[in-house]
Amino acid sequence: MNSILKAENITKFFYTPVEFKALNDVAFEVQQGEFVSIIGKSGSGKSTLLYILSTMDTEYGGKIYIDGNLITGLNQDKLARLRNSSIGFVFQFHYLLPEFSCLKNIMIPALKLGKYSREEIEYQAYEKLKLLELEEQALKPASKLSGGQQQRIAIARALINDPKIIMCDEPTGNLDSKNTEIVFNIFKRISAELNQTIITVTHDNDFAIASDRVIEMQDGKIINHGH
Amino acid sequence: MSKTAHKIHLNVDLEIAFTHVLAKKKQTIIVAFAVAIGIAAFIFLNSLVVGFNRDSDAALFKSTPHIRIYVDDKISQSLLQDPSSKTTSVIVNPKIINENKKLLNPAQIIEQIKSIESVTTATTWLNVNVFYNNGSSQLNGSSSGVDITEANAMFDIQSTIVEGNIQNLVSTPNGIILGVGIAENLNIKTDDNISVVSPLGIVKIMKVVGLFKTSNSVVDKTKSYMNLSIAQQLMAQGPDYITDIYVNTKDSDKAVQYVSTIKSITGYNAEDWKEANKSAEANKKTRGVMMGSISIIILIVAAFTIYNIVNMTVKQKMQDIAILKAQGFAGKSVVKIFITEAMIIGSLGTFMGMVLGAILIKALSKVYIGGDKGYFPIHFEPQIMLMGLMVGLFVTLIAGYIPARGAAKVDPVSIFRNL
Ligand SMILES: Nc1ncnc2c1ncn2[C@@H]1O[C@H](COP(=O)(O)OP(=O)(O)O)[C@@H](O)[C@H]1O
Ligand SMILES: [Mg+2]
């Protein structure tokens with residue numbers, strides 16, 4: 001097995017309104033192709049951890065390795081490139097760009113990566129749409145879709161560059177059970193079939209238990225590593 | 001797929017910028033129009049200054065050479081040559097020596113000056129104060145003793161002639177060309193005789209061979225041209241008596257560069273037209289500063305409208321910026337997106353402003369104001385158009401850069417947390 005993500009002694013302080021240790025010596029490792037859920041009470045530091053793992057928050061103590069490479073201390077441009085090529089992100093809210101069609105929203109990270117021609121990217125975006133059963137919506141403006149559909153578009157967007165890791169912060173938090181099931185099945189499939197790694201924060205215990213591994217947090221610490 | 005293959009595709013940053021701008025067409029047009037007004041005002045006001053200055057220079061060059069060579073006034077010195085002896089007190093009463101203003105060897109000086117590259121004309125000139133008499137009527141004025149062919153080459157006197165011909169002066173040694181005001185006041189026509197008296201009391205009977213009319217009625221009431229030899233006789237001087245040499249160069253603005261060369265070649269004093277017309281130059285500067293400050297204020301307002309719309313877009317798009325950054329758009333991509341938005345609006349506005357400016361110039365250039373100006377002295381000035389274009393784009397770049405840099409600094413985490 002290949003360690004795709006490794007966190008060493010992650011600590012995070014907030015200084016306003018008062019000094020507060022949001023993450024306390026968090027250490028864990030995730031293997032390539034794992035589908036990991038992170039659970040814990042509200043305020044336990046799940047989102048804070050995810051922002052650090054996703055390289056968007058760089059103010060923390062400790063070290064993070066992605067695919068064996070230390071990414072702590074890399075400059076912003078390098079981190080941006082890394083996010084673009086290797087990390088997909090899905091939030092609780094879909095966050096699509098409202099002026100663009102669904103298809104364009106999905107294509108944008110790939111256009112930024114610039115690895116494939118526009119025609120190929122468009123083809124791949126259609127493939128992702130098919131995977132999420134949304135190909136009919138391709139040319140609609142993102143704002144014209146239902147919440148569940150928009151969230152699936154956001155997942156398609158997170159998948160477009162075939163990232164090694166997909167990180168999600170309560171991706172099904174606003175979804176009905178039908179949409180939740182679609183999302184879960186896709187995660188299951190891409191981790192099992194495509195060997196992509198899923199790290200998702202969730203409040204949904206059934207969702208968590210059905211994943212490969214559950215990490216539980218409490219008061220900024222991991223209290224259960226799930227193995 | 002075949003459809004998109006034929007399209008020309010933009011870089012994704014530019015594509016986002018264009019999409020943002022197209023999503024708010026109305027605002028874009030309004031801001032572009034504000035920029036257009038600024039650029040049009042800039043082009044218009046500066047073309048006005050350039051046109052006006054060129055027009056007044058042209059009027060000036062009808063009677064002023066680019067460079068004038070003359071003998072400088074000398075101040076009297078003490079007669080005692082040894083002021084080092086401390087015991088002797090010397091009383092000095094400095095005043096201008098009423099010395100001879102004669103330039104020695106004028107023909108040789110002219111030859112030397114004409115050999116300077118970029119000198120186009122150089123001619124001798126002798127001004128003499130005179131009284132024009134016809135019967136009991138008398139007028140005083142000033143006559144220029146000239147080589148009329150050379151003088152014409154310099155000042156295009158022929159273009160002001162309303163009766164007769166300048167060539168008549170060549171064939172008539174005692175001929176005189178009068179301003180129309182003199183002819184009118186003394187009731188004289190061409191081919192009439194007139195007596196001209198110098199301050200030394202020398203009288204010449206001269207034949208009127210032509211009349212000229214300039215745009216300046218004072219000149220027309222006082223000024224005349226005669227052959228150099230007659231002017232010399234009126235001053236009781238010999239045929240080599242010359243007080244001034246007038247020099248024209250290819251580019252009046254560069255005339256000052258030759259002044260020191262001419263001084264050292266000739267050993268006489270030389271003065272360029274700007275030096276000789278300091279108040280006209282001061283007026284020009286005043287006009288330049290006035291119009292310059294007005295157009296800068298208008299441009300600042302235009303820049304502010306661009307800054308405002310880009311700033312507003314950035315504020316509205318915080319969430320989008322955070323998403324783009326989460327997806328791996330670097331800070332410089334974000335800067336590029338918003339600068340491009342500013343540049344789209346700004347170049348649209350600048351282009352519209354150039355067209356609007358050209359229309360204003362065209363319209364005003366058709367306004368007849370009469371007097372010595374005729375039509376309003378404003379013309380299409382390509383270099384000002386170009387300046388308007390560059391200023392427009394530059395101002396847009398700055399106005400767009402400030403909010404764009406702010407956008408690049410957006411911290412996605414804090415945006416996501418607060419939603
Ligand atoms: N920007 C911030 N400033 C101060 N405290 C913060 C900030 N963000 C989060 N926190 C605090 O850190 C703790 C962990 O928050 P968070 O990671 O969002 O928890 P979770 O996602 O598990 O609900 C909470 O107590 C929260 O109040
Ligand atoms: Mg959270």
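See the structure shown above.
Residues numbered from 1 in each chain as written. Chains lettered and ligands numbered in written order. Predicted model: local features only at pLDDT ≥ 70, side-chain atom pairs only at ≥ 80, totals over all residues. Heavy atoms only, no water.

A.B. asks: Tell me what's going on with the packing of helix H3 (residues 25-60) of chain B against helix H14 (residues 331-365) of chain B, and back it up with residues and numbers.
C.D. replies: Residue and element names in this part refer to chain B. Taken N-terminus to C-terminus, the directions of H3 and H14 make an angle of 40°; their axes are 6 Å apart at the nearest point. In terms of orientation, H3 lies oblique with respect to H14. The hand of the H3/H14 crossing is right-handed. Looking at the contact of H3 with H14 residue by residue, the classes come out as 20 nonpolar, seven polar and no charged. (Axes fitted to C-alpha atoms, helices over the stretch in contact; angles between N-to-C directions. Helix = DSSP H or I, 4+ residues; strand = E, 2+ residues; numbered from the N terminus. Parallel < 35°, antiparallel > 145°, perpendicular 65-115°, else oblique. Left-handed = near helix turned anticlockwise from the far one by under 90°. Nonpolar A, V, L, I, M, F, W, Y, C, P; charged D, E, K, R; others polar.)

A.B. asks: For the side chain of threonine 123 of chain B, give the residues involved together with the corresponding values.
C.D. replies: Mapping threonine 123 of chain B onto the fold places it in strand S2 (residues 119-134). Setting aside residues up to four positions removed in sequence, threonine 123 of chain B forms contacts with Ile110, Asp147, Glu150, Met154, Asp244, Ile245 and Tyr246 of chain B. (Contact = heavy atoms within 4.5 Å.)

A.B. asks: Give a description of the environment of glycine 357 of chain B that names residues and reports values.
C.D. replies: Residues and elements named next belong to chain B. Among the structural elements, glycine 357 can be located in helix H14. As a C-alpha pair, glycine 357 and leucine 45 span 312 residues in sequence and 9.1 Å in three-dimensional space. Not counting chain neighbours up to four residues away, the residues in contact with glycine 357 comprise Ala40, Ile43 and Met385.

A.B. asks: Let's hear about the site of ligand 1: which residues, and what values?
C.D. replies: For ligand 1, the set of nearby residues contains 13 residues, the closest of which are Gly43, Gly45, Lys46, Ser47 and Thr48 of chain A. Chains contributing residues near ligand 1 are chains A and B. One of the side-chain N or O atoms of serine 47 of chain A is found 2.7 Å from an oxygen atom in ligand 1. A distance of 3.1 Å separates a nitrogen atom of ligand 1 from a polar atom in the side chain of arginine 417 of chain B. With the chains in place, 68% of the 560 Å² that ligand 1 exposes on its own is no longer accessible. Per-element tally for the shell around ligand 1: the top contributor is helix H1 (residues 46-53) of chain A, with three residues. (Near = heavy atom within 4 Å. Polar contact = N/O pair within 3.5 Å; in protein donor to acceptor, adjacent residues only side chain to side chain. Areas by Shrake-Rupley, 256 points an atom, 1.4 Å probe, with all protein chains shown as cover.)

A.B. asks: Which residues make up helix H10 (residues 256-266) of chain B, and what values go with them?
C.D. replies: Residues and elements named next belong to chain B. Among the residues of H10, Tyr258, Val259, Ile262 and Thr266 are the ones counted as buried. The arc that holds every buried residue of H10, seen down its axis, measures 120°, which confines them to one face. Structural note: H10 exposes Ser260 and Ser264 on the side pointing more than 90 degrees away from its buried face. Structurally, H10 contributes buried residues whose contacts are with strand S1 (67-70), helix H4 (106-114), strand S9 (244-249) and strand S10 (269-272). One or two positions beyond H10, positive phi appears at glycine 267, with a value near 80°. (Buried < 20%, exposed > 50% of the residue type's maximum accessible area, 1.4 Å probe, protein only. Arc of directions from axis to C-beta.)

A.B. asks: Account for the pairing of strand S7 (residues 203-212) of chain B, naming residues and giving values.
C.D. replies: Residues and elements named next belong to chain B. Note: strand S4 (residues 161-164) against S7, three bridges, orientation antiparallel. Bridge pairing in S7 links isoleucine 161 to phenylalanine 212. Looking at chain direction, strand S5 (residues 175-179) and S7 are connected through five bridges and run parallel. Bridge pairing in S7 links isoleucine 176 to valine 208. The sheet contact formed by strand S6 (residues 193-197) and S7 spans five bridges and is antiparallel. The residue of S7 that forms the bridge with asparagine 193 is lysine 207. Hairpin connection between S6 and S7: a loop of five residues separates the two successive antiparallel strands, and glycine 201 in this loop has a positive phi of roughly 85°. (Pairing = 2+ DSSP bridges.)

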